[in-house]
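Chain residues, written in single-letter form:
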Amino acid sequence: MRLTHSLARLALCSAIMMAPFAAQAQSDENVKIGFIVKKPEQAWFINEQQAATAAGEELGFQVVRLGGEDGQEVLSAIDNLYSQGAQGFVICPPDVRLGPAIMNRAEQYGMKVITVDDQFVTSSGEPMEGVPHLGMSGTKIGMQVGEAIAAEMQARGWDMDEVAALRITNNELPTAVERTDGATQALIDAGFPEANIFDAPQQSTDTSGAFSAASPVLSQRGGFEHWVIYALNEESVLGGVRATEQYGLAPENVIGVGINGSGAAFAEFSRNNPTGFHGTVAVSSTMHGRQTAEDLYRWIAEDEQPPANTETTGTLMTRDNWQDVREELGL
Ligand code: GLA
């Protein structure tokens, strides 16, 4: 009787002693997550991955930063993460239609997944609602771009009927469509003639993809003196601006407004002479990286389900205020 009693006490004591250790071990040491991005050399994604790593250092989990520029690379990144013992990953996919294939692989490995920036779509093109997502509110941010362009045209005293718009598009990526549609809507609301908007479809969401798309459009529409430029991100707007320079347009005849607020824009604002790149709607890539990494960590370590969909907002950044906005957004 006595013996059973002491054994029971012993068992109880060790359970009490072990419990905090077990929880500690899982939250502090064993959590490892991947952070896979489609364009690891783009300033936006560099910052996002760095912020995820910093969150890990602070909260006590490991972050493995990987690039996934096509489907094959993403799948091998997932294999690699699994073999390192990672329990999940945050991803900005190179093509949102890879969603089902990526989720298949992750589920085989029992890994948890959160998308950042670009949301997976199903085979019928609908957003994959079951995968938690954090991204920009594309339409609103796009509208801010259009409003900023309209205000600057007015400040320069341009007659909108005489202005051409270079709309650099990416129709495969829903957030890109939302952003450029939002900007178009705001321009039209401000009185811009729809007939003066010309599409330049880009193959890749970067400066060189946009440059190649923009150049032929400028030469086809040689009659316009004034141009405005918008796209899904500032890297692409910069490609358009570089194309206007090569075409021979003076910076004062060009108004380009981007989206992101990353190193690409800072470099442009830091030049001695202003270019046609007027501004960008800055969003906190620091917050995107940090929040998604932290959400995934809490999901793994504490079984806390992340929010299904988080939409982030932006602030217009120009040559005049970029340093203040940069500080405000922790960029
Ligand atoms: C897309 C773009 C990036 C960046 C992110 C932000 O992935 O390609 O440049 O704008 O969205 O959400």
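Preceding this paragraph is the structure being described.
The sections below set out a description of the structure shown in this document. This one's a predicted model, so the numbers in the text were calculated from it and none came from an experiment. (Residues numbered from 1 in each chain as written. Predicted model: local features only at pLDDT ≥ 70, side-chain atom pairs only at ≥ 80, totals over all residues. Heavy atoms only, no water.)

### Observations regarding the packing of aromatic side chains
So, step 1. For the structure shown, the criterion picks out eight aromatic pairs.
So, step 2. Each ring, one from F61 and one from Y297, has its centre 4.6 Å from the other, and the planes form 15 degrees; the classification is stacked. Highlighted residues: F61 in the loop between α2 (43-59) and β2 (62-67) and Y297 in helix α10 (residues 285-302), separated in sequence by 236 residues.
So, step 3. Ring geometry for F224 versus W227: centroids 6.0 Å apart, planes at 70 degrees, classification edge-to-face.
So, step 4. Since its relative accessible area comes to 22%, F224 is described here as partly exposed.
So, step 5. Among the aromatic residues, ring-to-ring pairing joins F266, F269, F277 and W322 into one connected group. (Phe/Tyr/Trp six-rings, centres within 6.5 Å; stacked < 30°, edge-to-face > 60°. Helix = DSSP H or I, 4+ residues; strand = E, 2+ residues; numbered from the N terminus. Buried < 20%, exposed > 50% of the residue type's maximum accessible area, 1.4 Å probe, protein only.)

### Points about the site of the ligand
So, step 1. Neighbouring the ligand are 13 residues, the closest being K38, D117, D118, N233 and N260.
So, step 2. Contact distances for the ligand include 3.1 Å between an oxygen atom and a side-chain N or O atom of Q42.
So, step 3. For the ligand, an oxygen atom lies 2.8 Å from a polar atom in the side chain of N233.
So, step 4. Relative to its unbound accessible area of 300 Å², the ligand is 100% covered by the protein chains. (Near = heavy atom within 4 Å. Polar contact = N/O pair within 3.5 Å; in protein donor to acceptor, adjacent residues only side chain to side chain. Areas by Shrake-Rupley, 256 points an atom, 1.4 Å probe, with all protein chains shown as cover.)

### Structural notes on the nonpolar core
So, step 1. I149 and M153 are the most contacted members of the largest nonpolar core, which totals 43 residues.
So, step 2. Excluding anything up to four places from it in sequence, I149 contacts L187, V228, I229, Y230, I255 and V257.
So, step 3. Grouped together as the second largest cluster of nonpolar side chains are 28 residues, I229, L238, V254 and L331 included. (Core = buried A, V, L, I, M, F, W, Y, C linked by side-chain atoms within 4.5 Å. Contact = heavy atoms within 4.5 Å.)

### A closer look at the packing of helix α3 (residues 71-83) against helix α4 (residues 99-108)
So, step 1. Where α3 meets α4, the axes come as close as 10 Å, and the angle between the chain directions of the two elements is 15 degrees. Considering their axes alone, α3 and α4 lie roughly parallel with respect to each other. Between α3 and α4 lies a crossing of right-handed hand. Residues V74, L75, I78 and D79 of α3 form the contact with α4, whose participating residues are A101, I102 and R105. (Axes fitted to C-alpha atoms, helices over the stretch in contact; angles between N-to-C directions. Parallel < 35°, antiparallel > 145°, perpendicular 65-115°, else oblique. Left-handed = near helix turned anticlockwise from the far one by under 90°.)

### What to know about the sheet that holds strand β7 (residues 197-201)
So, step 1. With mixed pairing, the six strands of this open sheet are ordered in space as β7-β6-β8-β9-β10-β12. Every other strand in the sheet has two partners, leaving β7 and β12 (315-318) as the edge strands with one partner each. Within the sheet, the average angular offset between the axes of one strand and its neighbour, ignoring direction, is 20 degrees.
So, step 2. Bridging between strand β9 (residues 254-260) and strand β10 (residues 277-282) involves five bridges; their strand directions are parallel. Residue pairing across strands places G258 opposite T280, the latter belonging to β10. (Pairing = 2+ DSSP bridges.)

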